[in-house]
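Each chain is listed here by its residues.
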Amino acid sequence: MAVKPNILVTRRWPAVVEQKLAETYNVELNRSDRPLSPSDFREAIGRFDAVLPTVTDKIGPEALDVPRAQTKILANYGVGFNHIDVDTAARRGIAITNTPDVLSECTADLAMTLMLMVARRAGDGERELRAGNWTGWRPTHLVGTKVSGKTLGIIGFGRIGQQMARRAHFGFGMDIVVYNRSAVDPAVLAQYNARQVDTIETLLPQCDFVSLHCPGGAENRNMINSARLDLMKEDAFLINTARGEVVNESALAQALMFDTIGGAALDVFEAEPRINPMLAQCDNLVMLPHLGSATREAREAMGFRVLDNLNDFFEGAAPRDLVA
Ligand code: 8YV
């Protein structure tokens, strides 16, 4: 590269990645780590060759329809890119890349964490203990639900869904049922002794646990609504590490309040970081602050994957994770 491209990193990244980026490019870092405002973002599109956003940057048409836009690539830090208006980016000739693979195991680990926490009432127990309310062991205290050997429904059988199946099947002897919008290779299903069903309606009534691993975006918005929650067993649990918008939160809060399902565990929220106040009132709910990929290993690997995509792009090759 004769002239180093100008790059904006919209949030703080792991130090080793920021350092590596700065060796290769003219990098502007966001040292305050405050999310960019819409006007900051428009300004950035007019000034930088590449912008490196995260899920906290809502990049709609107004952010991208900038006269004399300079940005040629949005190299997203994260696998999900439903926060970016893909059609407007394509119209403006802006490439989009993401960071698949490197976070699949850690995200599935967190989905397992949530499944175990909600089934075994770990949140209730921790709250009780820290509040100084634990009066001691007794046979009827915080009795939860056994996970091992139960049936797990996985909605979205991509890389993360498959890692979830691996953990649940080999670690916990669970029976795996899959819903996926396209047919899954029978050899892949066979690895986990999983069976694919054609509709979500067929999957839900069979499952003790349902874990969401599909993308966000318009296609899957409110996929889990009150009609579908009604199809779940009354002691079944819902786990969401995908995107908040996939679940209708008011319908979920109703189901939790009226005990029409056993419980839920969420890592993602429709209007995060704001939490629907109805959800906050539900005891049979575990909530984590979008920690799916939050390990040192995954977050560094995500950064290096963005770097690989940028290098491909500025060397004139097709970026390896081009999504649009
Ligand atoms: C990321 C995620 O931390 O990769 C994703 O899609 O949801 C998270 O693991 C976040 O999106 C970073 O932008």
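Just so we're clear, the structure is a prediction, and the values are computed from it rather than from any experiment.

Rules of the game
- Residues numbered from 1 in each chain as written.
- Predicted model: local features only at pLDDT ≥ 70, side-chain atom pairs only at ≥ 80, totals over all residues.
- Heavy atoms only, no water.
- Pairing = 2+ DSSP bridges.
- Helix = DSSP H or I, 4+ residues; strand = E, 2+ residues; numbered from the N terminus.
- Right-handed = clockwise from strand over helix to strand, strands pointing away.
- Buried < 20%, exposed > 50% of the residue type's maximum accessible area, 1.4 Å probe, protein only.
- Contact = heavy atoms within 4.5 Å.
- Near = heavy atom within 4 Å.
- Areas by Shrake-Rupley, 256 points an atom, 1.4 Å probe, with all protein chains shown as cover.
- Nonpolar A, V, L, I, M, F, W, Y, C, P; charged D, E, K, R; others polar.
- Core = buried A, V, L, I, M, F, W, Y, C linked by side-chain atoms within 4.5 Å.
- Domains from an automatic or database assignment.
- Buried area = accessible area lost by both parts, 1.4 Å probe.
- Salt bridge = Lys/Arg side-chain N within 4 Å of Asp/Glu carboxyl O.
- Polar contact = N/O pair within 3.5 Å; in protein donor to acceptor, adjacent residues only side chain to side chain.
- Axes fitted to C-alpha atoms, helices over the stretch in contact; angles between N-to-C directions.
- Parallel < 35°, antiparallel > 145°, perpendicular 65-115°, else oblique.
- Left-handed = near helix turned anticlockwise from the far one by under 90°.

One ladder, built from three bridges, connects strand β1 (residues 6-9) with strand β2 (residues 26-28); its direction is parallel. When the bridges of β2 are listed, leucine 8 appears paired with glutamate 28. In this region the chain leaves β1, passes through helix α1 (residues 15-24) and returns to the parallel neighbour β2; the handedness of that crossover is right-handed. Where β1 meets strand β3 (residues 50-52), three bridges bridge the pair, whose relative direction is parallel. Bridge assignment links isoleucine 7 to a residue of β3, and that residue is alanine 50.

What follows covers the environment of threonine 97. Within the secondary structure, threonine 97 sits in strand β5 (residues 95-97). Among the residues examined, threonine 97 registers a relative accessible area of 1% and is labelled buried. When residues no more than four places from it in sequence are discounted, the contact partners of threonine 97 are Ile73, Leu74, Ala75, Asn76, Asn309, Pro319, Asp321, Leu322 and Val323.

Next up on the list: the pairing of strand β10 (residues 237-240). Burial along β10 is two-sided: Phe237 and Ile239 and Leu238 and Asn240, pointing in opposite directions, are all buried. Regarding topology, helix α10 (residues 226-231) serves as the crossover connection from strand β9 (residues 209-212) to the parallel β10, and that connection is right-handed. Here four bridges tie β10 to strand β11 (residues 263-266), and the two strands are oriented parallel to one another. Bridging across to β11, isoleucine 239 finds its partner in alanine 265. Assessed by its sense of winding, the connection that carries the chain from β10 through helix α11 (residues 249-257) to β11 is right-handed.

Moving on, we get to the site of the ligand. The immediate surroundings of the ligand are formed by Thr54, Val55, Tyr77, Gly78, Val79, Gly80, Leu103, Arg243, His290, Ser293, Arg299 and Met302. Out of a free accessible area of 330 Å², the ligand has 91% covered by protein chains. Of the residues assigned to the shell around the ligand, the class counts are five nonpolar, five polar and two charged.

With that settled, the discussion passes to the nonpolar core. The nonpolar side chains of a soluble globular protein tend to be buried, and buried together. Membership of the largest hydrophobic core comes to 32 residues, with the highest contact counts inside it found for Ile155, Leu203, Val210, Leu212, Leu229, Leu238 and Leu252. Elements supplying a minimum of two residues to this core: β7 (175-179), α9 (200-203), β9, α11 and β11. Tallying contributions element by element places α11 first for this core, with five residues. The residues contacting isoleucine 155, other than those within four sequence positions of it, are Tyr179, Ile200, Leu203, Val210, Ser211, Leu212, His213, Cys214, Met223 and Ile224. Counting residues in hydrophobic clusters, the runner-up holds 29 residues, among them Met112, Tyr192, Phe237 and Ala265.

Moving on, we come to the side chain of asparagine 309. Structurally, asparagine 309 is set in helix α13 (residues 296-314). Residues within four places of asparagine 309 in sequence aside, it is in contact with Thr97, Asn98, Pro319, Arg320 and Asp321.

So, about the domain arrangement of the chain. Once the domains are mapped, the chain shows domain 1 (6-102 + 296-314) and domain 2 (104-287). Placing a centre on the C-alpha atoms of domain 1 and another on those of domain 2 gives a separation of 31 Å. With eight residues of domain 1 in contact, the opposing surface of domain 2 contributes eight residues. A buried area of about 610 Å², summed over both sides, lies between domain 1 and domain 2, and 47% of it is on carbon and sulfur atoms. A per-residue breakdown of the area domain 1 buries against domain 2 is headed by Val55, Asn82 and Asp101, which together make up 62% of the total. Counting every contact that joins domain 1 to domain 2 gives one salt bridge. Here aspartate 101 makes a salt bridge to arginine 159, at a shortest N to O gap of 2.7 Å. The interface formed by domain 1 and domain 2 holds four residue pairs in polar contact (both at pLDDT 80 or more) in total.

Below, the discussion takes up the environment of phenylalanine 313. With respect to the element layout, phenylalanine 313 can be found in helix α13. A relative accessible area of 24% places phenylalanine 313 in the partly exposed class. In this structure the C-alpha to C-alpha distance between phenylalanine 313 and threonine 202, which are 111 residues apart in sequence, comes to 43 Å. Among residues more than four places away in sequence, those in contact with phenylalanine 313 are Lys72, Ile73, Ala95 and Pro319.

Between α1 and α13, the shortest axis-to-axis distance is 9 Å and the interhelical angle comes to 15°. One finds that α1 runs roughly parallel with respect to α13. Here α1 runs over α13; the crossing is right-handed. Residues Val16, Val17, Lys20, Leu21 and Thr24 of α1 lie in contact with α13, whose contacting residues are Glu300, Gly303, Phe304, Leu307, Leu310 and Asn311. Here the residues of the contact of α1 with α13 are counted per class, giving six nonpolar, three polar and two charged.

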